[in-house]
Amino acid sequence: MTVDFKAEFEKRKDDFMADLISLLEINSERDDSKADKEHPFGPGPVKALHHFLAMAERDGYKTRNIDNYAGDFEYGEGDEVLGIFAHLDVVPAGSGWETDPYKPVIKDGRLYARGSSDDKGPTMACYYGLKIIKELGLPVSRKVRFVVGTDEESGWGDMDYYFAHNGLKNPDFGFSPDADFPIINGEKGNITEYLHFDGKNEGLVVLHSFNGGLRENMVPESATAVISGSVSAQEVSDLLANFVASHKVTGQVVENDGKLEVTIYGKSAHGSTPEEGVNGATLLGLFLSQFDFYGPAKAYIEVTASLHNDFAGEKLGVAYTDDKMGPLSMNAGVFRFDENSSDNTIALNFRYPKGTDELKIKEELSKIAGPKAITISDSHHTPHYVPMDDELVETLLSVYEKQTGLKGHEQVIGGGTFGRLLERGVAFGAMFPDSINTMHQANEFMALDDLYRAAAIYAEAIYELIK
Ligand code: ZN
Ligand code: ZN
């Protein structure tokens, strides 16, 4: 059966816009200050969930509300189930908006509102994709389960609860309309490991403290060390001036109470792309490694220096590349050293492909001279990858290619989407390669044409997967 999905969507465009706008008018930011048993993430996400489920009931689906954490409904017949995982919560609107983030405005072919592109717009485009299949009564041999969560932007507490309490067997395969076309079929593993050092040191030069970095998933923009001993302020200032000039960064030396505060300013970047930043902390370690520190301080400085520009973990001995998922990457994210502390740390955040793991990384880190112990963070994402020859990936890409005329290809990212909830799960749309991505920003918008294009792609993709 051939169906013109674009034409079918066109007939429903006005209804689609009305439904989407009514959903965007609900402020569904997480608000823990108003959270209680009935509203696990605050009242906003619950309101959006009720609104969505009422709409699905209106359209003839039998819906389930899983204790205000998430909701779902099923369509079709058959043993196998296609899962679609979307989310109704939004990140806080923040400041800098030219319009009210919860009064949607259409301007120059763009729909402005918090959630327009992440994720209410794509959610509704996908919902209308399924609605077309239902209203045309197309023959299907599999089920679809449409699941909406209310806590994707924070801790995924919605999906933890959903999988533990919804009572049905998990879908066999699925996708999340919450990222990019053509597809995201791989997500690297994400683990942080900590190097621990003692603090005591009595060399000719003493390291009193060393601090750099705010978060493990960010490149430290700057770092500051406090030192004293057989070095003069003038000497250190002169050496630093040459050093920062040769590394094209800036720095300063401030004398305070007979001690020297040495700071280097680099450039921050996301921890999954450390090569795009300049790590102020490892650079400061490199600069300080010329002075006569002693004991644990010497080890701390030498290890810090050795991490500089080791984005692939080659010097650490943890480098690994998978031919599908690409290379491991390392961000030296947070540095905390105090001479009076017996637990000083360096936090290393790794994004790693299949073929290596947190224990292999730890084993290599244990061979470094200096640290007294290595530990691993509690939060951990293992690598996720669905091969190109999986029917799911092949079908989604072929529909994308057919409707857009663009070439489909695989994409592996360092971040995480609901696609990873299922072993055979991917993210699919709704940003196109030429879309302007304003997710999480002020004045978030989604181009109307992108919403319409996505809805027709979702309709055909769902039909191809369940027919
Ligand atoms: Zn999202
Ligand atoms: Zn988001």
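These numbers were taken from a predicted model, which means no experiment stands behind them.

J.: Honestly, the environment of Gly 167 in this entry has me stumped. Any pointers?
T.: You can see Gly 167 is positioned in the loop between helix H5 (157-165) and strand E7 (173-176). C-alpha of Gly 167 to C-alpha of Glu 401: the two residues are 234 residues apart in sequence and 37 Å apart in space.

J.: Is there a simple way to explain the coordination of the zinc ion (ligand 1) in this structure?
T.: Tetrahedral metal sites with four donors have an ideal angle of 109.5 degrees; octahedral sites with six donors have ideal angles of 90 or 180 degrees. Protein-derived ligands of the zinc ion (ligand 1) are His 87 (NE2), Asp 118 (OD), Asp 178 (OD) and Asp 178 (OD), with the metal-ligand distances lying across 2.0 to 2.4 Å. Coordination geometry of the zinc ion (ligand 1): the four donor atoms subtend angles of 57 to 146 degrees at the metal centre, consistent with an arrangement described as irregular. Every donor residue of the zinc ion (ligand 1) comes from the same chain, spaced as H-x30-D-x59-D. A separation of 3.4 Å is found between the zinc ion (ligand 1) and the zinc ion (ligand 2), which are bridged by Asp 118. Residue His 87 is located in strand E3 (residues 81-87), and its partner Asp 118 is located in the loop between strand E5 (110-112) and helix H4 (120-136); the two are separated by 31 residues in the primary sequence. Judged by relative accessible area, Asp 118 falls into the buried class, the value being 4%.

J.: Before we go on, may I ask you to explain the packing of aromatic side chains in this structure?
T.: To describe a pair of aromatic rings, one takes the distance between the centres and the angle between the planes. For the coordinates displayed, the defined rule picks out 32 aromatic pairs. Between Phe 5 and Tyr 463 the ring centres are 6.2 Å apart and the planes differ by 45 degrees, which places this aromatic pair in the tilted class. Taken as a pair, Phe 5 in helix H1 (residues 5-11) and Tyr 463 in helix H11 (residues 448-466) lie far apart in primary sequence, 458 residues in all. For Tyr 463, a relative accessible area of 5% puts it in the buried group. Centre to centre, the rings of Phe 181 and Phe 432 are 4.8 Å apart; their planes meet at 40 degrees, and the pair counts as tilted. Placement of the pair is Phe 181 in the loop between strand E8 (179-180) and strand E9 (186-187) and Phe 432 in the loop between strand E23 (430-431) and strand E24 (445-447), with a sequence separation of 251 residues. This pair shows no difference in class: Phe 181 is buried, exactly as Phe 432 is. Taken together through their ring pairs, the aromatic side chains of Phe 9, Phe 16, Phe 52, Tyr 61, Phe 73, Tyr 75, Tyr 127, Tyr 128, Phe 146 and Tyr 452 make up a single cluster. Between Lys 134 and the ring centre of Tyr 61, over which it is positioned, the NZ or CZ distance is 5.1 Å. Sitting over the ring of Phe 432, Arg 453 keeps its end group 3.8 Å from the ring centre.

J.: What should I look at first to understand the coordination of the zinc ion (ligand 2) in this one?
T.: For the zinc ion (ligand 2), the full set of protein donor atoms is Asp 118 (OD), Glu 153 (OE), Glu 153 (OE) and His 440 (NE2), at a range of 2.0 to 2.5 Å. For the zinc ion (ligand 2), the four donor atoms are set out with angles of 56 to 144 degrees between them, so the coordination reads as irregular. Read N to C, the donor residues that coordinate the zinc ion (ligand 2) are spaced as D-x34-E-x286-H.

J.: Honestly, helix H6 (residues 233-246) in this entry has me stumped. Any pointers?
T.: Owing to its 3.6 residues per turn, the α-helix brings residues three or four apart onto one side. Between its first and last C-alpha, H6 extends 20 Å over 14 residues, near the 20 Å set by a 1.5 Å rise per residue. Within the sequence span of H6, burial applies to Val 236, Leu 240, Phe 243 and Val 244. Down the axis, H6 shows its buried residues gathered within 90 degrees of arc, on one side only. Seen from the open side of H6, the exposed residues pointing more than 90 degrees away from its buried face are Gln 234, Asn 242, Ala 245 and Ser 246. Turning to H6, the residues buried within the fold contact strand E13 (250-256), strand E14 (259-265) and helix H7 (280-288).

J.: Which parts of the structure should I look at to understand the sheet that holds E24?
T.: Sheets are built from strands paired through backbone hydrogen bonds, the pairs being either parallel or antiparallel. The sheet built from three strands is open, its strands ordered E4-E5-E24 with antiparallel pairing. With one partner strand each, in any of the chains shown, strand E4 (105-107) and E24 form the two edges of the open sheet. Pairs of neighbouring strands in the sheet enclose a mean axial angle of 25 degrees, with direction left out of account. One ladder, built from three bridges, connects E4 with E5; its direction is antiparallel. By the bridge assignment for E5, Lys 107 is matched with Arg 110.

J.: What's the story with the domain arrangement of the protein chain in this structure? I'm lost.
T.: One frequently used descriptor of interface size is the decrease in accessible area upon assembly of the parts. According to the domain assignment, the protein chain consists of domain 1 (5-187 + 383-466) and domain 2 (190-381). Averaged C-alpha coordinates put domain 1 and domain 2 at centres separated by 40 Å. Each side of the interface is counted separately: domain 1 has 10 residues, and domain 2 has eight residues. Approximately 760 Å² of surface area, both sides summed, lies buried where domain 1 meets domain 2, with 69% of it carried by carbon and sulfur atoms. Summed over the three residues of domain 1 that lose the most area to domain 2, namely Pro 383, Tyr 385 and Gly 414, the buried surface amounts to 63% of that side. Across the domain 1-domain 2 interface, the total number found is zero salt bridges. Its residues placed into classes, the side of domain 1 that touches domain 2 shows three nonpolar, four polar and three charged.

The rules behind the values
Residues numbered from 1 in each chain as written. Chains lettered and ligands numbered in written order. Predicted model: local features only at pLDDT ≥ 70, side-chain atom pairs only at ≥ 80, totals over all residues. Heavy atoms only, no water. Helix = DSSP H or I, 4+ residues; strand = E, 2+ residues; numbered from the N terminus. Donors = N, O, S within 2.8 Å, 3.2 Å for Na, K, Ca; no water. Tetrahedral: all angles 85-135°; square planar, octahedral: opposite > 155°, others 65-115°. Buried < 20%, exposed > 50% of the residue type's maximum accessible area, 1.4 Å probe, protein only. Phe/Tyr/Trp six-rings, centres within 6.5 Å; stacked < 30°, edge-to-face > 60°. Lys NZ or Arg CZ within 6 Å of the ring centre and 35° of its normal. Expected span 1.5 Å × (residues − 1). Arc of directions from axis to C-beta. Contact = heavy atoms within 4.5 Å. Pairing = 2+ DSSP bridges. Axes fitted to C-alpha atoms, helices over the stretch in contact; angles between N-to-C directions. Domains from an automatic or database assignment. Buried area = accessible area lost by both parts, 1.4 Å probe. Salt bridge = Lys/Arg side-chain N within 4 Å of Asp/Glu carboxyl O. Nonpolar A, V, L, I, M, F, W, Y, C, P; charged D, E, K, R; others polar.

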